[in-house]
Amino acid sequence: MIPFSVLDLSPITEGSDAAQSFRNTLDLAQHAERLGFRRYWLAEHHGMPGIASAATAVLIGHVAGGTSTIRVGAGGIMLPNHSPLVIAEQFGTLESLYPGRIDLGLGRAPGSDQMTARALRRNLASDSDEFPQDVAELMDFMSDQPQQKVRAVPGTGLKLPIWILGSSLFGAQLAAMMGLPYAFASHFAPEQMMDAIDLYRARFKPSAQLVKPHVMLGFNVFAADTDEEAQILATSMQQAFVNLRSGRPARLPPPKPGYAEQIGPAEQALLRSVLSCTTIGSAAAIRKGLQDFVARTGADELMITSQMFDHTARKHSYALAAEAMRD
């Protein structure tokens, strides 16, 4: 059985607030730990009314402090938003507090709209070009090199696993060149998934961190006791995607039965594209969906995301996914 992990955006649902989202996140992390998931990752997004994980390192500390064995990390930190030294210090602090349990996934997207990106004090003209250098600089700060004039304290000398995240061929090439594990965002941007996997594996160069390629793929799971119930629960995420791509980001809405039949052809095509790496249904359907996806991609690990409006239903979805994995 390959490892399975959890991706959480700490969703803010309609009628709720960030404080409740954080309570749900910790509860879900403890649930995932009991179920045997390997990692629990949180993602950096800014200015999104339905996502509470903007201060990602802070929330990672909250989750790691409330769990004991599951790895906790960032999926990911959008490095162009930050100084590499600051991230080295933040994650050096986390690794010092929770040794052997912290992961650092790095992405080059802003995780926000352009106006919010400017408010983050980013140099928008050169971020993409500087991402490989920023990753290398961050790794230098985390290494144990006595000749360094600038040191991350804490951070220097800590063996913190670093991942490259991506949704295009750029991240695949960088991860392969640097000999780092690669996480592809197939749960919302699946178009170049297979090309990215092939490129990463073909060009991978072993490193001190990793001797052979390791691919983790994002995958949406909406599981329930019946196929019909699962289809209804999945409509919250469907609405959220359409709202976001239409320029109307909002809090995660409640389920809307028959939603896909109520929208136009363009919106239906959008959902077919962005949610193609998804399985929806009862335990039997979920089991087949997971098996087929792993067989098609050869994934070394899956990162499951189940964005549901109802927290209890979401926990049940992960329980059914864990059962399917064991089978």
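For the structure itself, consult the block above.
Residues numbered from 1 in each chain as written. Predicted model: local features only at pLDDT ≥ 70, side-chain atom pairs only at ≥ 80, totals over all residues. Heavy atoms only, no water.

Peer 1: Any chance you could explain empty space enclosed by the protein here in plain terms?
Peer 2: Any empty space left between the atoms is revealed when a probe the size of a water molecule rolls over them. Using the criterion set out here, one finds one cavity of 30 Å³ or more in the structure. Estimates place the volume of the largest cavity at around 70 Å³. For the lining of the largest cavity, the secondary-structure elements that each account for two or more residues are helix 1 (18–35) and helix 13 (311–326). Among the residues making up the lining of the largest cavity, the classes are represented as three nonpolar, four polar and one charged. (1 Å grid on protein atoms, 1.4 Å probe; cavity = no way out; pocket = protein on both sides within 12 Å on 5 of 7 lines; lining within 4 Å. Points joined across faces, edges and corners; volume = space filled by probe spheres on them. Helix = DSSP H or I, 4+ residues; strand = E, 2+ residues; numbered from the N terminus. Nonpolar A, V, L, I, M, F, W, Y, C, P; charged D, E, K, R; others polar.)

Peer 1: Is there a simple way to think about the side chain of asparagine 220 in this case?
Peer 2: Locating asparagine 220 in the fold gives a position in strand 7 (residues 215–223). A distance of 3.1 Å separates a polar atom in the side chain of asparagine 220 from a polar atom in the side chain of threonine 278. In this structure asparagine 220 touches His187, Leu275, Cys277, Thr278, Thr279 and Thr305, once residues within four positions along its chain are discounted. (Polar contact = N/O pair within 3.5 Å; in protein donor to acceptor, adjacent residues only side chain to side chain. Contact = heavy atoms within 4.5 Å.)

Peer 1: Got a minute to help me understand the pairing of strand 4 (residues 102–107) in this structure?
Peer 2: Put simply, side chains in a regular strand alternate between the two faces of the sheet. Among the six residues in strand 4, six count as buried, and that is most of the element. The two faces of strand 4 match: Ile102, Leu104 and Leu106 on one face and Asp103, Gly105 and Gly107 on the other face are all buried. Here five bridges tie strand 3 (residues 71–78) to strand 4, and the two strands are oriented parallel to one another. By the bridge assignment for strand 4, valine 72 is matched with isoleucine 102. Tracing the backbone out of strand 3, into helix 3 (residues 84–97) and back to the parallel element strand 4 gives a crossover that is right-handed. (Buried < 20%, exposed > 50% of the residue type's maximum accessible area, 1.4 Å probe, protein only. Pairing = 2+ DSSP bridges. Right-handed = clockwise from strand over helix to strand, strands pointing away.)

Peer 1: How do you make sense of the environment of serine 236 when you look at a structure like this?
Peer 2: For serine 236, the position within the fold is in helix 9 (residues 235–245). Distance in space between the C-alpha atoms of serine 236 and proline 253 is 5.4 Å, their sequence separation being 17 residues. Apart from the residues lying within four places of it in its own chain, the contact partners of serine 236 are Leu252, Pro253, Pro254, Pro255 and Phe309.

Peer 1: Would you mind going over unusual backbone geometry with me for this structure?
Peer 2: As a rule of thumb, non-glycine residues mostly have phi less than zero, and peptide bonds are mostly trans rather than cis. Cis peptide bonds are those with omega within 30 degrees of zero, and the linkage from glycine 75 to glycine 76 qualifies with 5 degrees. For the bond from valine 153 to proline 154, the omega torsion is -5 degrees, close enough to zero to count as cis. Relative to the elements of secondary structure, proline 154 occurs in the loop between helix 5 (127–142) and strand 5 (162–166). Phi is positive for serine 10, close to 50 degrees, though the residue is something other than glycine. Position of serine 10 relative to the elements: it lies in the loop between strand 1 (4–8) and helix 1. Overall, the relative accessible area of 0% leaves serine 10 in the buried class.

Peer 1: Please clarify how the environment of glycine 61 should be interpreted in this entry.
Peer 2: Looking at the secondary structure, you find glycine 61 in helix 2 (residues 56–65). Using a relative accessible area of 18% as the deciding quantity, one classes glycine 61 as buried. The spacing of glycine 61 and leucine 97 is 36 residues in sequence and 8.5 Å in space, taken between C-alpha atoms. Beyond its immediate sequence surroundings of up to four residues, glycine 61 is in contact with Leu94 and Tyr98.

Peer 1: Please explain the pattern of salt bridges as it appears in this structure.
Peer 2: Close approach of charged atoms allows side chains with opposite charge to pair. Evaluated as defined, the whole model comprises seven salt bridges. Residue aspartate 103 pairs with arginine 71 through a salt bridge whose shortest N-O separation is 2.9 Å. Within this pair, whereas aspartate 103 is found in strand 4, its partner arginine 71 is found in strand 3, the two being separated by 32 residues in sequence. Like arginine 71, aspartate 103 is buried. Look at the salt bridges and you will find they share partners, linking Arg39, Arg71, Asp103 and Glu301 into a network. (Salt bridge = Lys/Arg side-chain N within 4 Å of Asp/Glu carboxyl O.)

Peer 1: Looking at this structure, I do not really get the packing of aromatic side chains. What am I missing?
Peer 2: Counted by the stated rule, this structure contains six aromatic pairs. Seen from their ring centres, tyrosine 182 and tyrosine 200 are 5.4 Å apart, and the 40 degrees between their planes marks the pair as tilted. Taken as a pair, tyrosine 182 in strand 6 (residues 182–184) and tyrosine 200 in helix 7 (residues 193–203) lie far apart in primary sequence, 18 residues in all. There is no split in this pair, since tyrosine 182 and tyrosine 200 are both buried. (Phe/Tyr/Trp six-rings, centres within 6.5 Å; stacked < 30°, edge-to-face > 60°.)

Coordinates in, geometry out; function isn't part of it.
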